[in-house]
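Structure assessment
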Amino acid sequence: MDVGYNEALKFFIGLLAIINPFGVLPIFISLTKDMTPEERRHINVVTHIAVTIILVVSMFLGEEILEWFGISLNAFRIAGGVLICIIAYNMMQGSLRIRNSRDSQDKGSSFAVVPMALPLMAGPGAISSTIVYASEFHGSSNLLSLFLAIIAFCLISFTIFSMASIIYRFLRQMGVVIVSKIMGIIMMALGVEIFSAGLRGEFPLLGN
């Protein structure tokens, strides 16, 4: 079956809706508020490179990797939900610190991969959507269309995150603290939702 323009566009819009870079942006701002613009830009670049790699690998090898490790998508949802809840709790307590003056750039890169790229952006929803589309549409031209959709999404998301410094100056320190608390609550709810979905999928009787 051919992907076609409409299916590739649908996949692209699906990524925008599932990942929602506008929703992740306040989290990015609050977690990088102590960083310089250069460090924040570095985190932005590494984050979106990681998101691109995760989604592309999921597109080509997603099903095989999960099967090879004997991991179900529901188990992946449960683990991702727990990790998001832990991050959200630390945000609400104000105890989440990404760096200090002695931290290296490597630690910043690590933060860009976990939790920013995985599971906040390329989480179970985005990965499962990519795996489903890749499994339904085969062929080099179809995979190329899906790959271009991923690249287009990451470029748009990168541009949105590049506005973080402007938004931070607008919010000021107190605004970022308030946003951090609110986003912590929202992240906690999101984590619980992902965890619950994975739990219901893993144990269907719980949904009755």
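Here's what I pulled together on the structure shown here. Note that the structure is a prediction, hence the values are computed from the model and not measured.

1. Things to note about the overall build of the protein chain
Per the secondary structure count, the protein chain includes eight helices and zero strands. Listed N to C, the secondary structure of the protein chain is α-α-α-α-α-α-α-α in terms of helices and strands. When burial is assessed residue by residue, the protein chain has 42% of its 208 residues classed as buried. Contacts spanning at least 24 positions in sequence make up 90% of the contacts within the protein chain whose residues lie at least 6 apart. In the structure as shown, the protein chain presents an accessible area of about 11,200 Å², 67% of it carried by carbon and sulfur atoms.

2. A word on the nonpolar core
Counting 47 residues, the largest nonpolar core has Leu15, Val51, Leu55, Met116, Ile150 and Phe161 as the members making the most contacts within it. Those elements giving two or more residues to this core turn out to be α1 (4–19), α2 (21–31), α3 (37–69), α4 (73–93), α5 (105–121), α6 (124–136), α7 (140–161) and α8 (164–202). The leading source of residues in this core is α3, at nine residues. The residues touching Phe161, leaving out its near neighbours within four places in the chain, are Pro21, Val24, Leu25, Phe28, Asn44, His48, Met116 and Met121.

3. Let's talk about α3
Counted at 1.5 Å a residue, the expected span for α3 with its 33 residues is 48 Å, but the 39 Å between its end C-alpha atoms falls short. The largest bend in α3 amounts to roughly 80 degrees and is located at Leu61. Phi for Gly70, located one or two positions after α3, is positive at around 70 degrees.

4. Re the environment of Val51
Residue placement: Val51 occurs in helix α3. When the C-alpha positions of Val51 and Ile151 are compared, they lie 9.8 Å apart, and in sequence the two are 100 residues distant. Setting aside its immediate chain neighbours within four residues, Val51 contacts Ala117, Met121, Ala122, Phe153 and Cys154.

5. Re the layout of surface pockets
Considering only enclosed or pocket space, the largest pocket measures out at about 390 Å³ in volume. Around the largest pocket, the lining comprises 24 residues; the ones closest to its centre are Ile18, Ile19, Leu120, Leu190 and Ile194. Taken together, the elements giving at least two residues each to the lining of the largest pocket come down to α1, α2, α4, α5, α6 and α8. When residues of the lining of the largest pocket are assigned to their parent elements, the largest contribution, seven residues, is made by α8. The residue makeup of the lining of the largest pocket, split by class, is 17 nonpolar, five polar and two charged.

Scoring rules and cut-offs
Residues numbered from 1 in each chain as written. Predicted model: local features only at pLDDT ≥ 70, side-chain atom pairs only at ≥ 80, totals over all residues. Heavy atoms only, no water. Helix = DSSP H or I, 4+ residues; strand = E, 2+ residues; numbered from the N terminus. Buried < 20%, exposed > 50% of the residue type's maximum accessible area, 1.4 Å probe, protein only. Contact = heavy atoms within 4.5 Å. Areas by Shrake-Rupley, 256 points an atom, 1.4 Å probe, with all protein chains shown as cover. Core = buried A, V, L, I, M, F, W, Y, C linked by side-chain atoms within 4.5 Å. Expected span 1.5 Å × (residues − 1). Bend = angle between axes of the 7 residues up to and from the residue. 1 Å grid on protein atoms, 1.4 Å probe; cavity = no way out; pocket = protein on both sides within 12 Å on 5 of 7 lines; lining within 4 Å. Points joined across faces, edges and corners; volume = space filled by probe spheres on them. Nonpolar A, V, L, I, M, F, W, Y, C, P; charged D, E, K, R; others polar.

In short, the description is geometric, and any link to function would need to be established separately.
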